[in-house]
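The residues making up each chain are set out below.
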Amino acid sequence: MKIGCIIEARMTSSRLPGKVLMDIWGKPAIIRQIERIQRSRFIDSIIVATTINASDDVLVELLEKENIPYYRGSEDDVLGRVAETASYFNLDVVVEITGDCPLVDIAESDRVIERYLEGGFDLVSNNLLRTYPIGMDTIAVANRVLQETAQSTGDPAHREHVCLYLYEHPFDYSFSNIEAPPFLRDAKLRMTLDTKEDYEFIGKIYEELYPQKADFNLYDMMRLLNRKPELRSINNNIMQKKVR
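A. Summary view of the sheet that holds strand β6 (residues 93–96). Spatial strand order, β5-β4-β1-β6-β8-β7-β9: seven strands in an open sheet with mixed pairing. Among the strands making up the open sheet, the edge pair consists of β5 (70–73) and β9 (175–177). Pairs of neighbouring strands in the sheet enclose a mean axial angle of 20°, with direction left out of account. The sheet contact formed by strand β1 (residues 3–8) and β6 spans four bridges and is parallel. Bridging from a neighbouring strand, Cys5 pairs with Val95 of β6. Of the strands in this sheet, β1 and β4 (45–51) are in contact with helix α1 (residues 29–37), which crosses β1 at around 160°. With respect to the sheet, helix α2 (residues 57–65) is in contact with β4 and β5, its orientation differing from that of β5 by roughly 165°.

Listed below in structure tokens is the structure:
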């Protein structure tokens, strides 16, 4: 069974253009995120699904330089782009982590993948009922289901959000949700990169933790925030965008 992590990434973010290449402790954000995902116990390959737009040429140049596989597709049809990527790389299981998660704790993502591999579900996620901080979001879905979804809907909202069609058809597919352990529960905490305030917050996390422990995890981050609760104020006034 071939398990591939597909990271959706592009340069034309509406809130923070170019965020995937913003510097985090000496490297672009997308590279920092890939470094963290590479520690997975289950993922065989990491692929960036970007767009055919000329604005993403600079991202592709970086990926080629770093020998990171990529696929280029539609900017607006994200579902189609991810489905095409999964088909092109002949994946059996797609692990979806968006390109704005440079703090993702892959050990927690592996809990999602492990539940999927135990069998019985078309999709396993950790945000069907959110208990983890925003930015830890991970979905494991069968590629056959992803391909079926891509052929089933033309709704613009479904095309923009990869799994929205599945979530809106709960009687047709089987789901499971992974909840965060008690110490890691904070559904309103932003650990995602979507605004300049988020960027400042993530920079502080790296500044505090990375020099001592390059593979710092969510437990380390939560302990830091308990010691220095003032860090939460950097981006806690940012509203998360709604899907529908």
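Still more ground to cover, so stick around.
B. Representation of the environment of Glu179 in the model. Mapped onto the fold, Glu179 is located in the loop between β9 and α8 (196–209). Residue classification places Glu179 among the partly exposed residues on the basis of a relative accessible area of 33%. A polar atom in the side chain of Glu179 sits 2.8 Å from the side chain of Arg185.

C. Representation of the pairing of β6. Both faces of β6 are covered, namely the face carrying Val93 and Val95 and the face carrying Val94 and Glu96. Strand direction decides the pairing type here: β6 and strand β8 (residues 139–142), joined by four bridges, are antiparallel. By the bridge assignment for β8, Val94 is matched with Val141.

D. Here's a closer look at the packing of aromatic side chains. Throughout the structure, instances matching the rule amount to seven aromatic pairs. With 5.6 Å between their ring centres and 50° between their planes, Tyr71 and Tyr88 make a pair best called tilted. In this pair, Tyr71 sits in strand β5 while Tyr88 sits in helix α3 (residues 78–88), placing the two residues 17 residues apart along the sequence. Look at Tyr88 and you get exposed, because its relative accessible area is 60%. Here a set of aromatic residues connected by ring pairs shows up, and it is made of Trp25, Tyr206, Tyr210 and Phe216. Looking at Arg32, its charged tip hangs above the ring of Tyr210, at a distance of 4.6 Å from the centre. In this structure, Arg36 is placed above the aromatic ring of Phe216, and the distance from its NZ or CZ to the ring centre is 4.4 Å.

E. Inspection of the nonpolar core at higher detail. Of all hydrophobic cores here, the largest spans 78 residues; its most connected members are Leu103, Met191 and Phe201. Not counting the four nearest positions on each side in its chain, Met191 is found in contact with Leu103, Pro133, Ile134, Gly135, Met136, Phe201, Ile202, Leu218, Met221, Met222 and Leu225.

F. Region of interest: the pattern of salt bridges. Inspection of the entire model under this criterion finds 20 salt bridges. When the shortest N-O distance is used, the salt bridge between Asp194 and Arg15 registers 2.8 Å. Of this pair, Asp194 sits in the loop between β9 and α8 while Arg15 sits in the loop between β1 and β2 (23–24), placing them 179 residues apart in sequence. Salt bridges here are not isolated pairs; linked through shared partners, they connect Arg15, Lys19, Asp100 and Asp194.

Conventions we followed
Residues numbered from 1 in each chain as written. Predicted model: local features only at pLDDT ≥ 70, side-chain atom pairs only at ≥ 80, totals over all residues. Heavy atoms only, no water. Pairing = 2+ DSSP bridges. Helix = DSSP H or I, 4+ residues; strand = E, 2+ residues; numbered from the N terminus. Axes fitted to C-alpha atoms, helices over the stretch in contact; angles between N-to-C directions. Contact = heavy atoms within 4.5 Å. Buried < 20%, exposed > 50% of the residue type's maximum accessible area, 1.4 Å probe, protein only. Polar contact = N/O pair within 3.5 Å; in protein donor to acceptor, adjacent residues only side chain to side chain. Phe/Tyr/Trp six-rings, centres within 6.5 Å; stacked < 30°, edge-to-face > 60°. Lys NZ or Arg CZ within 6 Å of the ring centre and 35° of its normal. Core = buried A, V, L, I, M, F, W, Y, C linked by side-chain atoms within 4.5 Å. Salt bridge = Lys/Arg side-chain N within 4 Å of Asp/Glu carboxyl O.

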